[in-house]
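Report on the structure
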There are 2 protein chains.
Amino acid sequence: MIPILSIIGKSNSGKTTLVEKLIHELRQRGYRVATIKHNRHGFDIDHEGKDSWRHKQAGAKMTVIASPAKVAVVEDIDRDYTIEELVGRFIHDVDIVLVEGFKKNTLPKIEVFRKELNRELISIGDNSLIAVAGNYDIDIDVPCFDRNDAKDIADFIEEQVLKGMES
Amino acid sequence: MIPILSIIGKSNSGKTTLVEKLIHELRQRGYRVATIKHNRHGFDIDHEGKDSWRHKQAGAKMTVIASPAKVAVVEDIDRDYTIEELVGRFIHDVDIVLVEGFKKNTLPKIEVFRKELNRELISIGDNSLIAVAGNYDIDIDVPCFDRNDAKDIADFIEEQVLKGMES
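Let me begin by describing the structure that accompanies this report. A quick note: this is a predicted structure, and the numbers were derived from the prediction, not measured. (Residues numbered from 1 in each chain as written. Chains lettered and ligands numbered in written order. Predicted model: local features only at pLDDT ≥ 70, side-chain atom pairs only at ≥ 80, totals over all residues. Heavy atoms only, no water.)

**Focus on the side chain of H55 of chain B**
Here H55 of chain B lies in helix α2 (residues 51-57). Non-local contacts of H55 of chain B, meaning those with residues more than four positions away in its chain, are made with T16, V19, I23, T35, I36, K37 and E100 of chain A together with A60 and T63 of chain B. (Helix = DSSP H or I, 4+ residues; strand = E, 2+ residues; numbered from the N terminus. Contact = heavy atoms within 4.5 Å.)

In structure tokens, the structure reads:
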């Protein structure tokens, strides 16, 4: 089972910036990272007019775009998959999965917090919260990190999520 | 084993237009169609600045974008996969796969031909050529279709590729 860590927080709290920094930091430490981004309202991908876009647009249930260094797949599904289903179906050969954009889940999670945006954590009372990455110290019984300090947060992830899973 | 049909032809011969028409026609007949597009020189996908784009750009080996109706995966690979490998790994729950952009393969193939572009077929002497879709009748021992006549070509595909595989 690949370790999964959910990054949550309000819009504009800086989730994607933290994910970027963590990917960079974890990669430097030799970990292979996968990410999952959930978009409740759907998403666009691929570029209008490209052959692969035209295939999908014409009604292909699934389109694969392949090259020597990269593969992409765009496929229709009939319902929202859980994180575990997405990992089981699409993710392989990585050491950790960072997920962003899922509202409710019981996976280990870090909340990104900006004092300007909310008075309290959205994950208050959530037992799966393992840390806060904020711009302000919060009175809570999990570690609070500076949300710009990816090194400290990556140390914590190594300790709590990566090494925890190995044992 | 899912039936696979390769659509080949010179640049600008109309391969993608034919693939679009065949997807539409085969879907109307109740078939679920997948496509594979090969880009020898790599490809761009996703839109600059989007969260999923940022994840991949930051160094994620693999990024999944999920919504209730559609999933996309963008992943790094270490070599060019064969069509059969791509089908085995990424394609499922469809009735036929149309592939475009692979230079050499021994799969059943239809060549799209425009007299203005080439004097002879690129697949001349290729035993896996099963038909030509052109704007001109060619003296060759496989059926020649009008490349705009997706209905006739789809009839032929049903007969030769889809029903052939079932038996």
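**Comments concerning the pairing of strand β5 (residues 96-100) of chain B**
Residues and elements named next belong to chain B. Across the 5 residues of β5, 5 count as buried, placing the element largely inside the fold. Judged by which residues are buried, β5 turns out to be covered on both faces: I96, L98 and E100 on one side and V97 and V99 on the other are all buried. Inspection of the sheet shows strand β1 (residues 4-8) paired to β5 by 4 bridges, in the parallel sense. Note on β5: the bridge partner recorded for L5 is L98. Note that strand β2 (residues 33-38) and β5 share 5 bridges and pair parallel. Note on β5: the bridge partner recorded for K37 is E100. (Buried < 20%, exposed > 50% of the residue type's maximum accessible area, 1.4 Å probe, protein only. Pairing = 2+ DSSP bridges.)

**Examining the packing of helix α2 (residues 51-58) of chain A against helix α1 (residues 15-28) of chain B**
Axis separation between α2 of chain A and α1 of chain B bottoms out at 8 Å; the angle between their running directions is 15°. Considering the angle they form, α2 of chain A stands roughly parallel to α1 of chain B. Helix-helix and strand crossings are classified by hand; for α2 of chain A and α1 of chain B the assignment is right-handed. Residue-level inspection shows D51, R54, H55 and A58 of chain A of α2 of chain A in contact with α1 of chain B, the latter providing T16, T17, V19, E20, I23 and H24 of chain B. (Axes fitted to C-alpha atoms, helices over the stretch in contact; angles between N-to-C directions. Parallel < 35°, antiparallel > 145°, perpendicular 65-115°, else oblique. Left-handed = near helix turned anticlockwise from the far one by under 90°.)

**Overview of the nonpolar core**
Residues and elements named next belong to chain B. Of all hydrophobic cores here, the largest spans 26 residues; its most connected members are L22, I110 and I157. Contributions of two or more residues to this core are made by β1, α1, β5, β6 (109-113), β7 (129-134) and α4 (150-166). Sorting elements by how many residues they give to this core places α4 first, with 7 residues. Excluding anything up to four places from it in sequence, I110 contacts L5, S6, I7, I8, L129, I130, A131, V132, A133, I153 and I157. (Core = buried A, V, L, I, M, F, W, Y, C linked by side-chain atoms within 4.5 Å.)

**Some remarks on unusual backbone geometry**
All names here are of chain A. Backbone geometry places N12, a non-glycine residue, at a positive phi of 70°. With respect to the helices, strands and loops of the structure, N12 is situated in the loop between β1 (4-8) and α1 (15-28). N12 sits in the exposed class, given a relative accessible area of 62%. One non-glycine residue, D46, lies in the positive phi region at around 70°. Its place among the elements puts D46 in the loop between β2 (33-38) and α2.

**Examining the relation of the copies chain B and chain A**
Taken as rigid bodies, chain B and chain A are interconverted by a rotation of 180° and an axial shift of 0.0 Å, the fit giving an RMSD of 0.0 Å. Here the two chains are linked by the operation of a two-fold rotation axis. (Least-squares fit on C-alpha atoms with pLDDT ≥ 70 in both.)

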